[in-house]
Amino acid sequence: MAHVLDSNLEKLGKYGKWQFFIFFLLDIYQMFAAWCTFAITYQGTTPDHHCTVPNGINLTDAIPFSEDKMGNWKPDKCMQYSNFSSLTNETEPCEQGYWYDVKYGETIVTEWNVVCEDSILVELSSTLFFCGKLVGAVGISTLADYVGRKWMYITANICFLVVSTVQIFSTSYVMALTWLASA
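Caption draft 1: Structural detail: the packing of aromatic side chains. A full pass over the atoms with the stated rule returns 4 aromatic pairs. For the ring pair Tyr 98 and Tyr 100, a centre distance of 6.3 Å and an interplane angle of 45° mean the geometry is tilted. Given a relative accessible area of 18%, Tyr 98 falls into the buried group. The class for Tyr 100 is buried, based on a relative accessible area of 12%. The cationic tip of Lys 150 hangs over the ring face of Trp 151; the distance from NZ or CZ to the ring centre is 5.5 Å.

Caption draft 2: Examining the state of the cysteines more closely. On inspection of all chains with the given rule, the structure shows 2 disulfides. Here Cys 51 pairs with Cys 94 through a disulfide, and the sulfurs are 1.7 Å apart. The sign of the S-S torsion, about -70°, decides the handedness of the disulfide formed by Cys 51 and Cys 94: left-handed. Highlighted residues: Cys 51 in strand β1 (residues 49-51) and Cys 94 in the loop between β5 (91-93) and β6 (98-100), separated in sequence by 43 residues. Sequence-ordered numbering of the disulfide-bonded cysteines in the protein gives the connectivity 1-3, 2-4.

Caption draft 3: Structural detail: the nonpolar core. In this structure, Ile 63, Tyr 98, Ile 108, Val 109, Val 114 and Val 115 are the most contacted members of the largest nonpolar core, which totals 15 residues. Going through the elements one at a time, β6 and α4 (108-112) are the ones with two or more residues in this core. Apart from residues lying up to four places away in sequence, Val 109 is in contact with Gln 43, Gly 44, Thr 45, Thr 46, Pro 47, Tyr 100, Val 114, Val 115 and Val 122.

Caption draft 4: Expanded view of unusual backbone geometry. A positive phi angle, near 50°, is found at Asn 113, a position not held by glycine. One non-glycine residue with positive phi stands out, namely Cys 116, at about 60°. Structurally, Cys 116 is set in the loop between α4 and α5 (120-147).

Caption draft 5: Fine view of the packing of α5 against helix α6 (residues 149-168). Orientation of α5 relative to α6, taken along the N-to-C sense of each, is 135°, at an axis distance of 7 Å. Taken as axis vectors, α5 and α6 run oblique relative to one another. Here Ile 140, Leu 143, Ala 144 and Val 147 of α5 come into contact with α6, specifically with Arg 149, Trp 151, Met 152 and Ala 156. Looking at the contact of α5 with α6, its residues break down into 7 nonpolar, no polar and 1 charged.

Caption draft 6: Representation of α5 within the structure. With 28 residues, α5 should reach 40 Å at 1.5 Å per residue; the first-to-last C-alpha distance of 39 Å fits that figure. Among all positions in α5, only Val 122, Ser 125, Phe 129, Gly 132 and Ala 144 are buried. Count one or two residues on from α5 and you reach Gly 148, which has phi positive near 120°.

Caption draft 7: Local environment of the pattern of salt bridges. Tallying each qualifying case throughout the model produces 1 salt bridge. For Asp 48, the salt bridge identified is with Lys 77, shortest N-O distance 3.6 Å. Taken together, the positions of Asp 48 in the loop between α2 (17-43) and β1 and Lys 77 in the loop between β3 (73-75) and β4 (79-81) put the pair 29 residues apart, joining distant regions of the chain.

Conventions adopted
Residues numbered from 1 in each chain as written. Predicted model: local features only at pLDDT ≥ 70, side-chain atom pairs only at ≥ 80, totals over all residues. Heavy atoms only, no water. Phe/Tyr/Trp six-rings, centres within 6.5 Å; stacked < 30°, edge-to-face > 60°. Buried < 20%, exposed > 50% of the residue type's maximum accessible area, 1.4 Å probe, protein only. Lys NZ or Arg CZ within 6 Å of the ring centre and 35° of its normal. Disulfide = S-S within 2.5 Å. Helix = DSSP H or I, 4+ residues; strand = E, 2+ residues; numbered from the N terminus. Core = buried A, V, L, I, M, F, W, Y, C linked by side-chain atoms within 4.5 Å. Contact = heavy atoms within 4.5 Å. Axes fitted to C-alpha atoms, helices over the stretch in contact; angles between N-to-C directions. Parallel < 35°, antiparallel > 145°, perpendicular 65-115°, else oblique. Nonpolar A, V, L, I, M, F, W, Y, C, P; charged D, E, K, R; others polar. Expected span 1.5 Å × (residues − 1). Salt bridge = Lys/Arg side-chain N within 4 Å of Asp/Glu carboxyl O.

Here it is, written out as structure tokens:
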């Protein structure tokens, strides 16, 4: 069996410029697809955050503090005191937005405030992305049997380019998820 394969490969010839060119073109696309696949790791980073404190109010008077695993006292990420002037321990969710640590720059988390009770949305975006990839792979492979691989490959790449470009200009989390699932 191996002898037959070797003799057939000899008839085809050696790896030439054309094979390298086709491999290079296909490989470039895969590089961009990999960037989109792993982008949520960086775009969905959740920086340190806490409730925004009104002007003139001390941070310790507005937000409860708790001790973390390292023994450091940190402000609560999602709760603030209900009444800043009284000495009660009643808390409520953040009402005036969130303050974010700027060391990561702007992410989808900071832009659309997907923290606390909405933090599951970051993981949901990754899940929807891979569900879209699965549906696309099954659909495109089925259509490729009827139309041909070359045309389906070109069509899939054009769709990927359009959807990725539109997703860049998403103005809300729901809009980004809609386009992400179709990528």
